[in-house]
Amino acid sequence: MELGKVTVSINKAINAQEVAVKEKHARTCILGTHHEKGAQTFWSVVNRLPLSGNAVLCWKFCHVFHKLLRDGHSNVLKDSVRYKNELSDMSRMWGHLSEGYGQLCSIYLKLLRTKMEFHTKNPRFPGNLQMSDRQLDEAGENDVNNFFQLTVEMFDYLECELNLFQTVFSSLDMSRSVSVTAAGQCRLAPLIQVILDCSHLYDYTVKLLFKLHSCLPADTLQGHRDRFLEQFRKLKDLFYRSSNLQYFKRLIQIPQLPENPPNFLRASALSEHISPVVVIPAEASSPDSEPITDLVEMDTASQSLFDNKFDDIFGSSFSSDPFNFNSQNGMNKDEKDRLIEQLYREISALKEELENFKAESARGMVQLRGRSSELEAELAEQRHLKQQAQDESEFLRAELEELKKQREDTEKAQRSLTEIERRAQANEQRYSKLKEKYSELVQNHADLLRKNAEVTKQVTVARQAQGDVEREKKELEDSFQRVSEQAQRKSQEQAEVLDTLKRELAASRQELQVLQGTLESSTQVGVEQSTRITGLEQERDRLSQAAEQHGEEMAALRAELQHLRDTLSRERESSKMELETLQTQLRDKESGEQALQRRLAEEQFALLQGTAREAERMVQDALGRLEDPAHIGCTGSADYLLSRTLAASECVERLRDAHGKYLSNRAAAVGSLLPCLALFAHLVSDTLLQGSATSHVAPMEPADRLLEMCRQCGSEAVSYLSALQDPESVEGADCSLVMTCLSRISTIGEELRPRGLDVKQEELGDLVDKEMAATAAAIETAAARIEEMLSKARAGDTGVKLEVNERILGSCTGLMQAIHILVLASKDLQKEIVESGRGAASPKEFYAKNSRWTEGLISASKAVGWGATVMVDAADLVVQGKGTFEELMVCSREIAASTAQLVAASKVKADKDSANLCKLQQASRGVNQATAGVVASTKAGKSQVEEKDSMDFSSMTLTQIKRQEMDSQVRVLELENQLQKERQKLGELRKKHYELAGVAEGWEEDAAD
C-alpha cells in the first residue's frame, strides 16, 4: 500500500466536517498500520493537524485512533506511548469548554490514555480485548494478587468507557431523531468501539470476580461487588438506550444484559453467566466502500456466473452435451462416461496446479510487497524521527522565547509599577514644597500690599501739605503785589508825607524782609517736600514694579501649580486605576487562592478520609481473620509479638505527634499524618494477627486474655480511624486507648516469654553434672573412634593416602586430648565457683539460684559434645574418601568455638586470680593450637591429594581443552555464587544463634552481675 494513499485517507478521515468517519478511510488507515508495522505515518500526519483549535477535528482523531488501537498493528501502541503526555495536556485544555465537543474530547482523550496504560501494563491483552478463558488465566499468572489488581484496572477502564457513553447521550437531544442527522451520527459513531470494549470488559470482570470469590473472603471483596453493581446498572441502561437508536440498528447488534446481576457468593452462578456477544452484520456495498477482491476469486466468480447464465438459457442438460455429439457418434455410453470423468479429473488436476501456482505467485508477491513496505516503513520512521526531533526543537525554542518574553514583560511591568510609585512619591513631595512656597508667596504678597497702602497714604498726606504751601505762597505774592501798588500810588499821591511814608516804607521793608524770610523758609520746606514726594513716588514705582514682578511670578507659579495639579490628578487617576486593577487582580488572586486552599483542604481531608478508611478496612480485615478457622493453624512466638507490639507503640507515638501537628496546621502536616496512618494500620493489624497466632500456643487463660485484648485493641483502632473520617470529631480523636491496649498486650507477651529450659530449678545441679559427664564421655568416645579409624587406615591404605590420613587423624587425636583437658579444667573451675559462692547453701541450691549461668554451662557442654561427635563423623568420611576437607576444617573450627563458649560460661563467675582459671585459659589456648593443627594438616593433605590427582592435559585435543575450559569457568562462577550465598547464610545463622543464645542463657545479665 502506498504511503501517499494512507496519508490522503488519514486527512479525509480526520477533517473538520461534522459527519461520521467514513469506514473506507478508517479501513485504509488500519491496513496502513499493518503494512508498515507501526503508526509512524499516522502520527506524522496527525502532528500537523490543528487538534487543539478545532473540537470536531479532535473528536474524529480520537475515533480513528481508537480504531487503530483496537484493529491496527500491535506496534501502534508502542509508537503512540510517547504522545501520552500530549494527549493528557490536550484533554485538560478541552476540559475547560463546557459546551459543544469540548467535554466530549476531554473525556475521550482520558479514555484513550487509560486504554494505552492498561495495554502497557497488561501486554497479554490484545487491542480488541478478545481472549479465551485460558489466556485470561495466563494473564493473571494464576496469582490471586495479580487477579485482584487486574480486576481493579478493568473497573477503571470500564468506568472511563461508561463516562464517555453517558456524556455523548447527555449531549444529544433525545426528543428528536438525532441518530439520522449527520451531526448526531458524528457523535454516535465512536460508541461502536465503546460497545465492543464494554462487552469484553464486562465478561472478563464477571469471570475474574468469580475466581476471586473462590480464593478470598467475601468481606474483602465487598468493595469490588459494590463497584461492579454500579457499573452493571449503568451498562445495562446504556445498552438498552443504544439498541433503540435507528443508527445502531443497521450497524451493530447490541446484546442485552440479564435482568439481575450475577450472585458471586454462589459459585454455581458462574455456569449461568452468558458472555455478551456483539454482532456486526456484513457490510453492504455502499458508494463510499472500495471492494478489494483477489484476481483469482474474480476469475472464479466470473466463470461460475457465466456457467450459471449458460445453464439458465440452454438448460443443464444442454450445457453438458449442447450439440448432441454423443448421440451422433456411435460410442457407448459407459465409455463416454469414463472418458468424461477422466477429462474432468485432468481438468481438476490442472485447475489445482493452476491454483497452486497462482497461490505461490501471490505469496511471493505478498512477501516482496511486505519487504518493500518494511523498507518504506523504516525510511518513513527515520524521516518521522527526524521531523519529530525538528518539531520538538522548534517547539522548545518557541517555548523558550515565549518564556523569555513573559519574563521581560513581567520585569517591565514590575519596573513600570516601581517607576509609577516613585513618580507618585516625587509628585507628592513636589506638591508639598510648592504648597509651602505658595503659602510663603501669599504671605509676602499680603505684606507688600500693606506696605503699598501705607506709602500711598504718606504720598497723599505729602501732596496735601504741598498744596497748602502753594496756596500760602500765592496769597503772599498777592498781598505783596497789592502793597507795592499801594506804595506806588501813595508815593505819587502823597509826596508831602514823605517822612511818614519813609517810615512806613522802612516798616514795610522790614515787614517785607520778614515775609521774604518766611517765603524762603516756605520755599525750602516745599523743596524738601517735593524731594520727599519724588523719593516716595520712586519708592512707589519700585514697589509697584516689584508687586508686578511678584504678581507675574505668582501667575507663573499659579499656572505651574495648576499644571502640576492637573498632571498629579491625571497620574493619580492613572495610578488609582492601575491600583484598582492591581487590587482587583489581587482580590481575584486571593479569592482564587482561598478557593484553591479550600479545595486543597477538602482534597487533603478527602485523602485523609480515604487513607483512614483503607486503614480501618485493614484493621477490620485483621479482626475478621482472628475469627477465621483457617487462621487457627498459625502460630507465633512471644518474642516476635513483643517486637511487633514495640514497633506499633512507637508508631502510635509518632501518629499522636503527627495528629497534633495536623490539628495546629492542617495544610502543612497532612503529608506526615498519612504515612503514619498507613504504618499504624499495618503494624496494628500485624500485632493483632501475631497476638492471635501466639495465643494458639499459649496456655488457656493467658491465651484468652491475649485474644480478648487483641480484639479490644482492634476495636479501639477502628474507633480512632472512624473518628478521623468525621470532620466534626477529628479534633477529639485520641489514640491513647490503642496505646493502653498495646501496653497490655506487651505485658501478656512478657508473661508468655520462655523462662529458660524446661527443667525444675532443683534439678539444674544434677543436669550440669550429667551434661559435663556426657561431654567427657563423648570426647572419650570420639578419641576411641579416631584411634580405631587410624588403625584401619594403617591396615588398608598406602602411600600418600596413608600419610594424609595419619596426619589428619593424628591432629584430630591431639585436638580431642586438648578438649578433654579443657573439660576437666572447666569442671575444676566450676567446683571452685560453687564452693566459693554457695556459702551455707547446697550446690543444687547454688545452681538453682544462678539458673541463667547454669543454663549457659549446660548449653556450652552440649555444644562441645555435639561438635566432637560431628568432627569424628567428618573425619571418618574424609578417611573413607566420601567427605570433603572443607567440612572437616569447619567442624574443627566449630568445636573450637564451642569450647570458647564453655570457657566464657565458666569464667563468668570465677575469680580473676584463681589458679583453676589460669589452668582453664591455658587449656583453651591448647585447644586453639590443636584446632590450628587440624586445619593445617587438613590443608596440607588436601594439597597433596590435589597434586596427586592433577589432570594430564597432554592427550587432549583443542576442542576438548576448550570444552573443559568453559566447564571450569561455569563451575567457578557457580562456586563463587554458592560461596557468596553460603557466606550470607552463615552470617545470618551466626547472628540468629547469638541472639537466641544471649536471650536463652542470659549472658548479658550474668555479665552485668
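First things first, this report covers the structure right here in the doc. (Residues numbered from 1 in each chain as written. Predicted model: local features only at pLDDT ≥ 70, side-chain atom pairs only at ≥ 80, totals over all residues. Heavy atoms only, no water.)

**Overview of the overall build of the protein chain**
Along the backbone of the protein chain there are 30 helices and zero strands. Sequence-distant contacts, at least 24 apart, represent 79% of the contacts inside the protein chain between residues at least 6 apart. Just so you have it, the protein chain exposes about 61300 Å², and 52% of that area is on carbon and sulfur atoms. (Helix = DSSP H or I, 4+ residues; strand = E, 2+ residues; numbered from the N terminus. Contact = heavy atoms within 4.5 Å. Areas by Shrake-Rupley, 256 points an atom, 1.4 Å probe, with all protein chains shown as cover.)

**Looking at a negative patch on the surface**
Side chains of E86, D391, E392 and E394 sit close together on the surface and give a patch of like negative charge. By residue number, the principal contributor to the negative patch is helix α17 (residues 333–493), which donates three residues. (Patch = residues over 30% accessible without salt bridge, like charges linked within 9 Å, V, L, I, M, F, W, Y side chains within 5 Å. Salt bridge = Lys/Arg side-chain N within 4 Å of Asp/Glu carboxyl O. Lys, Arg positive; Asp, Glu negative; His and termini not counted. Charge placed at Lys NZ, Arg CZ, Asp CG, Glu CD.)

**Focus: the pattern of salt bridges**
Tallied over the entire structure, the rule returns 21 salt bridges. The residue R113 makes a salt bridge to E117 at a minimum N-O spacing of 3.2 Å. One end of the pair is R113 and the other is E117, both in helix α7 (residues 102–121) and four residues apart, which spans about a single turn. On the basis of relative accessible area, R113 is assigned to the partly exposed category, the value being 24%. Across the pair K207 and D133 runs a salt bridge whose closest N-O atoms are separated by 2.6 Å. Of this pair, K207 sits in helix α11 (residues 191–213) while D133 sits in helix α8 (residues 133–140); the two residues are 74 residues apart in sequence, bridging distant segments of the chain. Residue D133 is classed as partly exposed on the basis of its relative accessible area of 44%. One network of salt bridges, in which partners are shared, links R70, K115 and D197. (Buried < 20%, exposed > 50% of the residue type's maximum accessible area, 1.4 Å probe, protein only.)

**A closer look at a nonpolar patch on the surface**
Residues L339, I340, L343, Y344 and I347 make up a contiguous nonpolar surface patch of roughly 450 Å² in combined accessible area. In this structure, I340 sits in helix α17.

**Some thoughts on unusual backbone geometry**
At E141, a position not held by glycine, the phi torsion is positive, near 55°. The topology assignment puts E141 in the loop between α8 and α9 (144–170). Classification of E141 by relative accessible area gives exposed; the value is 54%. Unlike most non-glycine residues, N142 shows phi in positive territory, near 55°.

**Description of the packing of helix α19 (residues 638–664) against helix α22 (residues 736–752)**
Working note: a packed helix pair is described by the angle between its axes plus the distance between those axes. Interaxial distance between α19 and α22 falls to 9 Å at its minimum, and their mutual angle equals 160°. In terms of their interaxial angle, α19 and α22 are classed as roughly antiparallel. Considering how the two elements wind past one another, α19 and α22 form a crossing that is left-handed. The segment α19 lies against α22, with A638, L641, L642, T645, A648, S649, V652, E653 and R656 engaging S736, V738, M739, L742, I745, S746, G749, E750 and L752. Of the residues assigned to the contact of α19 with α22, the class counts are ten nonpolar, five polar and three charged. (Axes fitted to C-alpha atoms, helices over the stretch in contact; angles between N-to-C directions. Parallel < 35°, antiparallel > 145°, perpendicular 65-115°, else oblique. Left-handed = near helix turned anticlockwise from the far one by under 90°. Nonpolar A, V, L, I, M, F, W, Y, C, P; charged D, E, K, R; others polar.)

That is the geometry; function is a separate question.
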